[in-house]
Amino acid sequence: MAVRPLLMIPGPIEVSPEVIEAFSGPPPGHVSPPVIEAFGSSLEMMRDVWCADNAAQPFVVAGSGTTAMDMAAYNMIEPGEVALVINTGYFGDRAAEMLRRRGATVHEVVSELGQIPTADDIEAAITQHQPVLVWAPHVDTSTGARVDAKVVCEAANRHGVLTVFDGICATAAEEFRMADWGADVYLTASQKAIGLPPGLALVVVSERAMAKRSSLNVPPPMSLDFHQWLPIMTAYEERRPSYFATPATSLIMALSVALKQTLDHGMDATFARHQQVADAFRAAFHNMGLEMLAGPGVEANTLSAVKYPAGVDAAMTKEVAKRGAIIAGGLHPKLKTTYFRVGHMGYSAFQNDWLLRTLVAVQGGLEACGHKSDSSVLDKFQDAIA
Ligand SMILES: *Cc1c(COP(=O)(O)O)cnc(C)c1O
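Cut-offs used in this document
Residues numbered from 1 in each chain as written. Predicted model: local features only at pLDDT ≥ 70, side-chain atom pairs only at ≥ 80, totals over all residues. Heavy atoms only, no water. 1 Å grid on protein atoms, 1.4 Å probe; cavity = no way out; pocket = protein on both sides within 12 Å on 5 of 7 lines; lining within 4 Å. Points joined across faces, edges and corners; volume = space filled by probe spheres on them. Helix = DSSP H or I, 4+ residues; strand = E, 2+ residues; numbered from the N terminus. Nonpolar A, V, L, I, M, F, W, Y, C, P; charged D, E, K, R; others polar. Near = heavy atom within 4 Å. Polar contact = N/O pair within 3.5 Å; in protein donor to acceptor, adjacent residues only side chain to side chain. Areas by Shrake-Rupley, 256 points an atom, 1.4 Å probe, with all protein chains shown as cover. Contact = heavy atoms within 4.5 Å. Expected span 1.5 Å × (residues − 1). Buried < 20%, exposed > 50% of the residue type's maximum accessible area, 1.4 Å probe, protein only. Pairing = 2+ DSSP bridges. Axes fitted to C-alpha atoms, helices over the stretch in contact; angles between N-to-C directions.

### Here's the deal with empty space enclosed by the protein
Working step 1: In the structure shown here, the tally under the stated rule is one cavity of 30 Å³ or more.
Working step 2: One number sums up the size of the largest cavity: a volume of about 40 Å³.
Working step 3: Lining the largest cavity we find Phe-39, Trp-229, Ile-232, Tyr-236, Ser-242, Tyr-243, Phe-244, Ala-245 and Pro-247.
Working step 4: The element best represented in the lining of the largest cavity is helix α9 (residues 226-237), accounting for three residues.
Working step 5: Per-class residue counts for the lining of the largest cavity are eight nonpolar, one polar and no charged.

### Some words on the site of the ligand
Working step 1: In the vicinity of the ligand lie 13 residues, with Thr-66, Thr-141, Asp-166, Gln-191 and Lys-192 positioned nearest.
Working step 2: Between Asp-166 and the ligand, the recorded distance is 2.7 Å, taken from a side-chain N or O atom to a nitrogen atom.
Working step 3: At a separation of 2.7 Å, an oxygen atom of the ligand approaches a polar side-chain atom of Gln-191.
Working step 4: Its free accessible area being 390 Å², the ligand has 88% of it covered by the protein chains.
Working step 5: Among the elements of the structure, α3 (65-76) and α4 (90-101) are those that each provide at least two residues to the shell around the ligand.
Working step 6: Per-element tally for the shell around the ligand: the top contributor is α3, with three residues.
Working step 7: Class assignment for the residues of the shell around the ligand results in five nonpolar, five polar and three charged.

### Description of the side chain of His-274
Working step 1: By the secondary structure assignment, His-274 is in helix α11 (residues 267-287).
Working step 2: Not counting residues up to four positions away in its chain, the partners in contact with His-274 are Ala-172, Ala-173, Asn-301, His-344, Met-345, Gly-346, Ala-349 and Phe-350.

### Notes on helix α2 (residues 33-49)
Residue pairs three or four apart in sequence face the same way in an α-helix, which turns once every 3.6 residues.
Working step 1: Along its 17 residues, α2 runs 24 Å from first to last C-alpha, staying within 8% of the 24 Å computed at 1.5 Å per residue.
Working step 2: The element α2 is extensively covered by neighbouring structure, given that 12 of its 17 residues are classed as buried.
Working step 3: Within α2, burial applies to Val-35, Ile-36, Ala-38, Phe-39, Gly-40, Ser-41, Ser-42, Leu-43, Met-45, Met-46, Arg-47 and Val-49.
Working step 4: At its buried positions, α2 is contacted by β2 (57-62), β10 (200-205), α9, α10 (249-265) and α11.
Working step 5: Cys-51 sits one or two positions beyond α2 and adopts a positive phi of about 50°.

### Thoughts on the sheet that holds strand β4 (residues 105-110)
Each strand in a sheet pairs with its neighbour through backbone hydrogen bonds, running either in the same direction (parallel) or in the opposite one (antiparallel).
Working step 1: Taken in spatial order, the seven strands make up an open sheet running β2-β10-β9-β8-β5-β3-β4, and their pairing is mixed. Single-partner strands in this sheet number two, and they are β2 and β4. Averaged over neighbouring strand pairs, the angle between their axes works out to 20° when direction is ignored.
Working step 2: Examined bridge by bridge, β2 and β10 share six bridges and lie antiparallel to one another. In the sheet register, Val-61 faces β10, and the bridge partner there is Ala-201.

### Focus: the layout of surface pockets
Working step 1: The volume enclosed by the largest pocket comes to roughly 250 Å³.
Working step 2: Pro-10, Phe-91, Thr-141, Gln-191 and Lys-192 are, among the 18 residues lining the largest pocket, the residues nearest its centre.
Working step 3: Counting only elements with at least two residues in the lining of the largest pocket, the list comes to α3 and α4.
Working step 4: Here the element with the most residues in the lining of the largest pocket is α3; it accounts for three residues.
Working step 5: By residue class, the composition of the lining of the largest pocket is eight nonpolar, six polar and four charged.

### Some thoughts on the side chain of Asn-301
Working step 1: Along the chain, the position of Asn-301 falls in the loop between α11 and β11 (303-307).
Working step 2: Take Asn-301: its relative accessible area is 4%, and that puts it in the buried class.
Working step 3: Here Gln-275 takes part through its side chain, which lies 3.4 Å from a polar atom of the side chain of Asn-301.
Working step 4: Each residue touching Asn-301, except ones within four places of it in the same chain, is listed here: Arg-146, Glu-174, His-274, Gln-275, Ala-278, Arg-282 and His-344.

### Looking at unusual backbone geometry
Most peptide bonds take the trans form, and the phi angle of most residues other than glycine is negative.
Working step 1: Looking along the chain, the bond that leaves Gly-11 and enters Pro-12 is cis, with omega of -5°.
Working step 2: Examined against the element boundaries, Pro-12 turns out to sit in the loop between β1 (6-7) and α1 (17-23).
Working step 3: Of note, Cys-51 is a non-glycine position whose phi angle comes to about 50°, a positive value.
Working step 4: We classify Cys-51 as buried; its relative accessible area is 17%.
Working step 5: If you check the backbone angles, Gln-130 has positive phi at about 50° while not being a glycine.
Working step 6: Among the structural elements, Gln-130 can be located in the loop between α5 (119-129) and β5 (133-137).
Working step 7: Here Gln-130 falls in the exposed class, since its relative accessible area comes to 55%.

Purely geometric stuff here, so don't read any function into it on its own.
In structure tokens form, the structure reads like this:
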């Protein structure tokens, strides 16, 4: 039997055997003691994974990352207010459209694809537009560029403006210190670096951001409303059963396992490991004669977006899959056909044999398409991830 190819795209990702064990089996009820315990402990652990303080409020709701984005859009602003989106790609476009649908007036700081706006650009846009909210994708999965979230927080906080960070391709992998940096909303989805199947929207909200929700005149739709969910989260954290809308119970069993695995590594070690693995991939791609889409110094540590070399096109990803690793093509509509993406986040980032298998498959796929590189690339990579 052929070996199952590794899923090395920027989400969904491979998950740990312990996580698979935790979500397998008959679905438990939402007020069963194991679910109450897993839910309550997950909320507690989210504060630590997000590097948030005790006053921050975690939410776990069934949905995708886009659901988490809608929760932020509907609770943090209301019709007629001004939002500023730091738009570094596909998911910045999505955020801007969402905020418009909420009725906000949306201004954007747009950077060239693969680049990020400078601190001065951000400061100037805040001064000019006086938004109530600044929204930034932490990593834009369409370009593999990461904004400097700390710099965005500093600029926003100088002006008393709320911040939302879309961490869907970053949370639990890229350094993010919600409390120290004074961020207001940091959101993600279960199928990215957190390391679960798709299905959970995960959001942590500052005290100041909860106060913003309280001040809204136009409430969010019920299923997205922080106020609707707050008593439910409080109940589970106090280990009491509760019900508003049925949670994804099997996934919540797995969430407590995945968060515990991350905290057992420690957040500093987890951030450092993603940096190490990403550095190793970037060096390997460079040694193969390839170029990253994201500019130097702003490349994400959760995925690599890599330009096809001359003469190679999207057919290459199929050749890679034949060799045991599923990677992704381009995502941004303007550049889609010019680059490929390799995810290296979460559980996979700790599996040296999988990382090597992935690089071997990429090298073989490129060679099948006429772009040959040296086997010393693999030796160097092995040393770099060890
Ligand atoms: C994956 C992703 C999303 C969308 O998440 P879904 O779960 O597909 O709804 C949004 N933003 C970023 C940065 C992402 O990587």
